[in-house]
Amino acid sequence: MGRHERQIFDRPAASRSGAVRLARGDDRPGSMTAPASPSLVALERDTLQALVDGDPIETILRDVARVVGRLHAPSSSPGAGVAFLRLDESGASLSLLAQSGLQGPGLDALGTIRVGPAGPPPGVAAFTNAPAAGPLGPPQQPMAAIAEPLTDDDGRIAGALVLAGLSPPDDMPEALRQTVGRLFALALRRDRRDREVQDLIYRDPLTGLPNRRCFEERLAETFARGVDAASPVSVLFMDLDEFKKVNDTLGHEFGDLLLAIVGSRLRRALSTDAFVARLGGDEFGAIVAADAGTATAAAGRITRALKEPAMLRGYRLPIYCSIGIATCPDHESDPALLKRLADMAMYYAKQSATGIASAATPEVRRAMSISAVEFDIPAALQSDQIGLVFQPRVNLVSGRVTGFEALARWNHPTLGVLSPSHFIPWVERRPDLAVKYTEWLLRSLTDTLIRLPRDALVPISINIPVAVMQSDAVFTAMLGRMAEAGLPLSLLRIEIVERALTRMPAEVEAVVERMVGLGITFELDDFGSGEANLAALSRLPFSAIKIAGEIVQTVATEPRCERLIDGVARFAETFGVSLCAEHVESQAQWDILRRLGVEQGQGYLFGQAVPTADVVAAVRTVHRGA
């Protein structure tokens with residue numbers, strides 16, 4: 001006997017004042033004709049308390065069903081009982097919500113019942129909105145049943161009450177019918193409220209997908225059930241490439257519509273075994289109960305599903321997605337680290353031709369090790385673990401060194417020497433860290449220029465995150481020290497990577513203009529490696545363009561690359577800027593670049609990057625071609 005049923009049968013119903021309230025009329029079970037029967041009052045009171053306490057409605061209605069069976073037919077046969085059925089959202093079928101007493105075929109018959117003018121009594125009662133009686137269960141073992149339609153607060157059919165195998169199967173007393181109907185409606189109202197609260201907590205309102213919190217809890221539940229080689233689990237992290245451009249150019253309304261389309265396509269692309277969620281912004285996640293190979297196939301379905309451009313109010317918007325995959329137990333056994341691996345893999349997927357990357361790749365594993373020391377970067381800057389080396393920049397005609405590019409190197413105590421590509425991405429993810437790093441970089445470069453002999457002074461270029469240039473503040477200390485030392489600001493060159501042009505804020509363009517006015521020069525780095533924004537290129541006062549290394553490296557073997565660089569040279573001449581080739585590594589490349597009119601080059605052909613102590617010697621070196 002349940003908690004609420006014990007309360008009903010073990011004590012009389014009390015009023016708010018504590019006095020026992022007795023109803024006039026017969027209180028014997030089976031003959032409840034009085035609307036104020038103490039048993040009904042107790043049933044209603046304790047059910048309401050259970051609803052307030054937050055008990056599951058299945059438990060509450062099961063206890064109500066047990067009490068209804070005892071009150072209406074105390075001498076029922078074995079296997080008989082009472083059940084509550086709930087109408088589904090389509091209104092086409094009823095499913096079992098709670099029951100008491102039913103067993104065997106009678107219980108099986110209540111699994112799913114179609115609503116209609118003929119058939120089992122519950123379906124007929126819900127269809128006609130009137131009591132219905134008839135057999136329930138298989139023909140060889142029929143059970144007499146009556147069904148009463150049940151409504152919600154708005155008077156709409158919401159389910160049915162079934163009394164099966166009870167003796168006698170006569171009509172339900174009106175007082176009991178009203179009480180049960182009222183309690184059922186209240187239970188549905190509480191359940192609907194709970195579902196609405198759950199949606200607010202666990203569902204993303206824009207896409208209708210589960211949100212990050214729901215994703216985290218589902219992953220924790222998955223690991224709590226056990227994950228091993230026999231039942232692997234893969235986590236997919238997905239990010240929409242260039243989504244910010246949609247918001248910036250067309251507005252957030254278009255961005256929201258695009259996210260909703262992506263959410264819908266993700267649901268269709270992944271099987272029912274996958275749990276898909278929107279993690280925030282333009283990032284999505286999926287939990288797939290599969291190994292790495294199956295998860296990669298699922299990622300392929302996602303890219304194919306997103307491949308078709310979205311048509312939004314006359315605009316044809318392409319959808320590009322990067323997907324990172326991490327699998328337990330193959331890649332990691334801890335859920336938190338598994339997510340980080342998937343996130344790392346997603347970052348590397350952006351550089352992949354397929355847009356998909358697995359945590360099994362060595363680059364991702366190394367990046368995971370490096371990211372573990374992300375928060376050590378500020379201390380590394382203060383303790384001189386991070387320093388500068390200088391790669392010579394050479395005039396391709398004279399062979400003389402015309403400048404340097406300053407490159408950061410982190411002498412990590414356990415991971416060895418780390419190049420900027422291994423830690424700068426994590427610096428750029430944290431605005432506070434990006435500012436500290438840039439301030440250190442400018443301070444270190446200024447110190448180097450101040451220490452150099454005047455006859456060895458040549459321009460030095462550095463690459464700094466565009467995000468920190470939204471105000472002049474990051475340059476303030478450097479400007480003051482250069483002025484105190486009497487050094488011209490033309491010795492400082494700031495490199496901006498080509499991909500930054502696609503999302504450069506107007507504030508950054510204004511800072512560039514002001515810094516150029518003071519004498520600092522700006523150069524476009526990695527030209528040809530990403531999407532060049534020609535409009536921004538025409539507005540910004542670049543003094544030089546640096547041709548991306550991947551183009552330079554094939555210029556001696558690919559005639560198309562030679563023609564491409566020839567076109568870039570003409571383009572640079574039109575804009576009145578000089579050209580510098582990166583990653584020059586062979587004499588053949590040098591000869592072709594010089595013939596095409598590229599003025600400067602840097603790369604291993606002209607030597608490795610040197611420490612500060614060797615800069616003076618490197619400046620005075622003249623490189624002779626073959």
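Residues numbered from 1 in each chain as written. Predicted model: local features only at pLDDT ≥ 70, side-chain atom pairs only at ≥ 80, totals over all residues. Heavy atoms only, no water.

Peer 1: Report on unusual backbone geometry, specifying residues and quantitative values.
Peer 2: The step from Cys 328 to Pro 329 runs through a cis peptide bond, and the omega angle for that step is 15°. Counting through the fold element by element, Pro 329 comes out in the loop between strand 12 (320-328) and helix 11 (335-349). The phi dihedral of Arg 313 is positive, around 50°, even though this residue is not glycine. As for its placement among the helices and strands, Arg 313 is situated in the loop between strand 10 (310-312) and strand 11 (315-317). (Helix = DSSP H or I, 4+ residues; strand = E, 2+ residues; numbered from the N terminus.)

Peer 1: For the sheet that holds strand 8 (residues 274-280), give the residues involved together with the corresponding values.
Peer 2: The sheet built from five strands is open, its strands ordered 8-9-7-12-13 with mixed pairing. A single partner strand is all that each edge strand has here, and the edge strands are strand 8 and strand 13 (356-358). Within this sheet the neighbouring strands show an average axis-to-axis angle of 20°, counted without direction. Sheet topology places strand 8 next to strand 9 (residues 283-288); six bridges connect them, and they run antiparallel. In the strand pairing of strand 9, Ala 277 is matched with Gly 285. On top of the sheet, helix 11 reaches strand 7 (233-241), strand 9, strand 12 and strand 13; it is set at about 145° to strand 12, its chief contact. (Pairing = 2+ DSSP bridges. Axes fitted to C-alpha atoms, helices over the stretch in contact; angles between N-to-C directions. Contact = heavy atoms within 4.5 Å.)

Peer 1: Before we move on, could you go through the pattern of salt bridges and cite the residues and values that matter?
Peer 2: Across all of its chains, the model carries 35 salt bridges by this definition. With its nearest N and O atoms 2.7 Å apart, the salt bridge here joins Glu 44 to Arg 182. Taken together, the residues span a long stretch of sequence, with Glu 44 in helix 2 (residues 38-53) and Arg 182 in helix 6 (residues 174-202) at a distance of 138 residues. Residue class for Glu 44 comes out buried when judged on its relative accessible area of 19%. Across the pair Glu 148 and Arg 177 runs a salt bridge, and its minimum N-O distance is 3.0 Å. Of this pair, Glu 148 sits in strand 5 (residues 143-151) while Arg 177 is found in helix 6, placing the two residues 29 residues apart along the sequence. The exposure class assigned to Arg 177 is partly exposed, which follows from its relative accessible area of 24%. (Salt bridge = Lys/Arg side-chain N within 4 Å of Asp/Glu carboxyl O. Buried < 20%, exposed > 50% of the residue type's maximum accessible area, 1.4 Å probe, protein only.)

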